[in-house]
Amino acid sequence: MIAHTSLPVSDYKRAKTFYNAALTPLGYSNNMEYGEAAGFNDGKNTDFWISKEKSVVPTHVAFEANNRKQVEAFYKAALAAGGKDNGGPGYRDYSPGYYAAFVFDPDGNNIEAVWYDYSKEK
């Protein structure tokens with residue numbers, strides 16, 4: 001449905017370092033750069049971008065993981081890269097099988113990795 005999205009960041013270098021580390025476990029790599037904007041590709045499309053902006057209003061972005069281990073690896077990598085805990089890996093009561101982890105990036109954005117464990121559906 002969405003071809004790509006862009007997240008404003010206040011410190012481009014810091015954010016690029018954070019997202020390179022946090023998204024690697026989910027299969028993303030930084031494959032494009034234009035000025036102070038970086039695009040991340042998941043193997044299909046460059047669907048996530050960060051760009052240096054004068055103002056940043058924190059928001060929420062969720063990335064789909066392929067399994068529980070990817071969610072856990074994302075969480076660990078994001079914290080090691082300077083993210084702040086906003087909910088460790090685990091099942092949530094949002095819907096059956098919703099396994100996710102949340103971190104705040106350096107700008108306060110709520111970044112999530114989620115895996116849908118369909119074996120938990122009723």
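Look above for the structure.
Since the model is a prediction, treat every value here as computed from it, not as a measurement.

Visitor: Help me understand the packing of helix H1 (residues 12-23) against helix H2 (residues 68-80), please; the structure alone is not making it clear to me.
Guide: Helices that pack against each other are described as a pair by the angle of their axes relative to one another and the distance between those axes. Taken N-terminus to C-terminus, the directions of H1 and H2 make an angle of 155°; their axes are 7 Å apart at the nearest point. Judged by the angle between their axes, H1 and H2 are roughly antiparallel. Read as a crossing pair, H1 and H2 show a hand that is right-handed. Contacts between H1 and H2 involve Phe18, Ala21 and Ala22 from the former and Phe74, Ala77 and Ala78 from the latter.

Visitor: I'm lost on the pattern of salt bridges in this one. Help?
Guide: When their charged atoms lie close together, side chains carrying opposite charge are able to pair. Tallied over the full model, the rule gives three salt bridges. Between Glu33 and Lys16 there is a salt bridge, with its nearest N and O atoms 2.8 Å apart. Linking Glu33 in strand S2 (residues 29-33) with Lys16 in helix H1, this pair joins segments that are 17 residues apart in sequence. Judged by its relative accessible area of 44%, Glu33 is partly exposed. Of the charged contacts, one joins Glu72 and Arg68 as a salt bridge, the two residues approaching to 3.2 Å between their closest N and O atoms. One end of the pair is Glu72 and the other is Arg68, both in helix H2 and four residues apart, which spans about a single turn.

Conventions and cut-offs
- Residues numbered from 1 in each chain as written.
- Predicted model: local features only at pLDDT ≥ 70, side-chain atom pairs only at ≥ 80, totals over all residues.
- Heavy atoms only, no water.
- Axes fitted to C-alpha atoms, helices over the stretch in contact; angles between N-to-C directions.
- Helix = DSSP H or I, 4+ residues; strand = E, 2+ residues; numbered from the N terminus.
- Parallel < 35°, antiparallel > 145°, perpendicular 65-115°, else oblique.
- Left-handed = near helix turned anticlockwise from the far one by under 90°.
- Contact = heavy atoms within 4.5 Å.
- Salt bridge = Lys/Arg side-chain N within 4 Å of Asp/Glu carboxyl O.
- Buried < 20%, exposed > 50% of the residue type's maximum accessible area, 1.4 Å probe, protein only.

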